[in-house]
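An overview of the molecular structure
One letter stands for each residue in the lines below.
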Amino acid sequence: MTLIWRHLLRPLCLVTSAPRILEMHPFLSLGTSRTSVTKLSLHTKPRMPPCDFMPERYQSLGYNRVLEIHKEHLSPVVTAYFQKPLLLHQGHMEWLFDAEGSRYLDFFSGIVTVSVGHCHPKVNAVAQKQLGRLWHTSTVFFHPPMHEYAEKLAALLPEPLKVIFLVNSGSEANELAMLMARAHSNNIDIISFSLPGFSLLSYSVDQELDPILLLFLLCRGAYHGCSPYTLGLTNVGTYKMELPGGTGCQPTMCPDVFRGPWGGSHCRDSPVQTIRKCSCAPDCCQAKDQYIEQFKDTLSTSVAKSIAGFFAEPIQGVNGVVQYPKGFLKEAFELVRARGGVCIADEVQTGFGRLGSHFWGFQTHDVLPDIVTMAKGIGNGFPMAAVITTPEIAKSLAKCLQHFNTFGGNPMACAIGSAVLEVIKEENLQENSQEVGTYMLLKFAKLRDEFEIVGDVRGKGLMIGIEMVQDKISCRPLPREEVNQIHEDCKHMGLLVGRGSIFSQTFRIAPSMCITKPEVDFAVEVFRSALTQHMERRAK
C-alpha cells in the first residue's frame, strides 16, 4: 500500500499587429483615452500572424454599463475569465475582436464549441437563407432541413446507430440518454468516472494523506452536464452541491495515467506520453489491467447485479483533457454489457473530427457504444444537440414515453448542422485536426521538457491539456493565483485559452479546426514567453 501511495505522489492597424495592452486601472468606459504600457517590454512579444478581416466599429454599451447590468441582472456565479473580463464584439474564423478593437487568437473556441470557425462564410450564408425562409415549426410538422440533416448525420455513424433524437444542449442530450438506458434495461444504476486514484479504504489509519492529493481523490472526474439530472453523473467537485439530485448514479475510479496510481510512458493514445515511467510494453498496458480491477470492484460492491449503463467521455474535457489507458474502455464496455447495461459515449467535446484520427472519439478506443450524445461543435455555436442510438433502444423509450422537444430539430438548427458537416468534409478539417494537432502537441511537449512547472502535456488532435505543477517531483498543482497570472499574460499577448481540472491548473487548448501551423507557432511562443515571465517572477 505504501508503494502505491508513493506512485500517487509522483504524478499526483489590426491586420498585422499584436493587440494593444491597456493599463490595469479601474475599469474604463469605452471611448476613454487609453495609454499603452510596457508591461511585457522585457521580452519580445511574439508577432501575431496576419488576418485579412477588419471588424466593424463597436457602437454598443460602454464597458462600465455592461458591468452594472451584469451585476444587477445576471447570475452572480463568477464564470468570466480574467481580472478585467473581455467584452467581445465580433469573430472571424479563428479570431476574436473585443470592443476596443484588439484581436485575439481563439484557442478555446467558445468552450470547444466553434468547430469550423467563428462566422464561417458558408455556415453564415446557409443560416441567413434559412432565416428568411422558415425559423420554427416544431416536430408536429415535417420540414426538409430536419430530414436532410438526419440522413447526413446517420451516414457518419456505424450500424446499428441510426436513430436520431434532436435536442438543444449537451446536458439535455445526456439526460435523454440516461432515460433511454433505464427504459431499455429496466434498471436504475448508471456508472460514471470519479476518483482518479483508488479507494481511500485501502489506506491504513496511520498513513498521512497529503490534503491536496486527497482533494484530487475526492473531487476529480467526469463532466456530463450541470442540469439537475446530469449532476449525478458529473463528478468534478466544482459542480457538486449539497442538495440531492441525479439519483441512481454511481462513481467509479477515473483511470488517469498522470494523476492516478498506475500509468506511465506507454499508456495513452497520444503522440505525447506522461513523463512518469512504467513497465508496460507498447502493445500491453498493465495500468489498464489495474484500473479494470477497480472497475470490477465498483460493479461488485456499489451497484445492483443488473445496471442501466455506463457513461464515458472518450477524452475528459472539463477535468483537464484526461486520457485513459489504451484498451480500458473496450474492456469496461464488455463488463457493463455483461451486467445488462448499455454503454454511452459522450461526444459533446470530442466528436466531429476534433481528435483527428477518427470522426468520433469512441472510434479511437475501438468500441461501439449503444448510445452516442453530441452537442457543441455540432452547430458551430448554434444551440443544437443530438442523441443517436439503435432502433431497439429507441423503441424501448417510445414504449414508456412519448418524447417531445419543442425546439429540437428546428429548421435553423438543422440547416446550420448540415452546413457544418459539409464544411468539415469540403475543407478537410478532420485531416487538419490530425496534422496540426500532432504538430502542436509535439511543440508543447518541448515546453514541458523546458519548464519545471509544466507537469504534463496530453491530448489528441485539437484537444490538448497542459497541466501546471509546482514541480515535477511532487506534481502538486501550481497555485491558482500563479496560473491566473500566466493566463493573463497569454491574453495580453493575444492568445485565449481555457482552463480545467479541479484546481483550474490545466490549460485547455481546443481551437477551431481551421487553425494553421503558423498560428500554432505563435501560440507556443506566447506560452513560452508567459512561462518565462512567470519563472522570473518566481525567482524574485
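Our structure's up above, just so we're on the same page.
The rules behind each value
Residues numbered from 1 in each chain as written. Predicted model: local features only at pLDDT ≥ 70, side-chain atom pairs only at ≥ 80, totals over all residues. Heavy atoms only, no water. 1 Å grid on protein atoms, 1.4 Å probe; cavity = no way out; pocket = protein on both sides within 12 Å on 5 of 7 lines; lining within 4 Å. Points joined across faces, edges and corners; volume = space filled by probe spheres on them. Nonpolar A, V, L, I, M, F, W, Y, C, P; charged D, E, K, R; others polar. Salt bridge = Lys/Arg side-chain N within 4 Å of Asp/Glu carboxyl O. Helix = DSSP H or I, 4+ residues; strand = E, 2+ residues; numbered from the N terminus. Patch = residues over 30% accessible without salt bridge, like charges linked within 9 Å, V, L, I, M, F, W, Y side chains within 5 Å. Areas by Shrake-Rupley, 256 points an atom, 1.4 Å probe, with all protein chains shown as cover. Buried < 20%, exposed > 50% of the residue type's maximum accessible area, 1.4 Å probe, protein only. Pairing = 2+ DSSP bridges. Axes fitted to C-alpha atoms, helices over the stretch in contact; angles between N-to-C directions. Parallel < 35°, antiparallel > 145°, perpendicular 65-115°, else oblique. Left-handed = near helix turned anticlockwise from the far one by under 90°. Contact = heavy atoms within 4.5 Å.

**Considerations on empty space enclosed by the protein**
Volume-wise, the second largest cavity comes out at about 70 Å³. In terms of lining, the second largest cavity is formed by Val112, Ser115, Glu347, Val348, Gln349, Gly351, Phe352, Arg354, Ala375, Gly377 and Met513. Split into classes, the residues belonging to the lining of the second largest cavity amount to 5 nonpolar, 4 polar and 2 charged.

**Considerations on the pattern of salt bridges**
If the charged atoms of two oppositely charged side chains come close together, the side chains can form a pair. All chains considered together, the criterion is met by 23 salt bridges. The shortest N-O distance in the salt bridge between Glu100 and Lys84 comes to 3.6 Å. Linking Glu100 in the loop between β2 (95–98) and β3 (103–106) with Lys84 in the loop between α2 (63–73) and β1 (88–92), this pair joins segments that are 16 residues apart in sequence. We note a salt bridge from Glu482 to Arg538, for which the minimum N-O separation is 3.6 Å.

**Some remarks on a nonpolar patch on the surface**
On the surface, Val140, Phe141 and Phe404 cluster together into a nonpolar patch covering about 330 Å² of accessible area. Inspection of the secondary structure puts Val140 in the loop between α4 (121–131) and α5 (144–154).

**Considering the pairing of strand β10 (residues 385–389)**
Across the 5 residues of β10, 5 count as buried, placing the element largely inside the fold. One ladder, built from 5 bridges, connects strand β4 (residues 163–167) with β10; its direction is antiparallel. If you follow Val167 over to β10, its bridge partner there is Ala385. Relative to β10, strand β9 (residues 371–374) is paired through 4 bridges, and the arrangement is antiparallel. Along β10, the bridge assignment pairs Ile371 with Thr389.

**Concerning the packing of helix α12 (residues 429–450) against helix α14 (residues 517–539)**
Remark: α12 packs on α14, axes separated minimally by 10 Å, with the N-to-C direction vectors making an angle of 20°. As summarised for this structure, α12 and α14 are arranged roughly parallel, according to the angle between their axes. In terms of crossing hand, the pair formed by α12 and α14 is right-handed. Residues Glu435, Val436, Tyr439, Met440, Lys443, Phe444, Leu447 and Glu450 of α12 form the contact with α14, whose participating residues are Lys517, Val520, Asp521, Val524, Phe527, Arg528 and Leu531.

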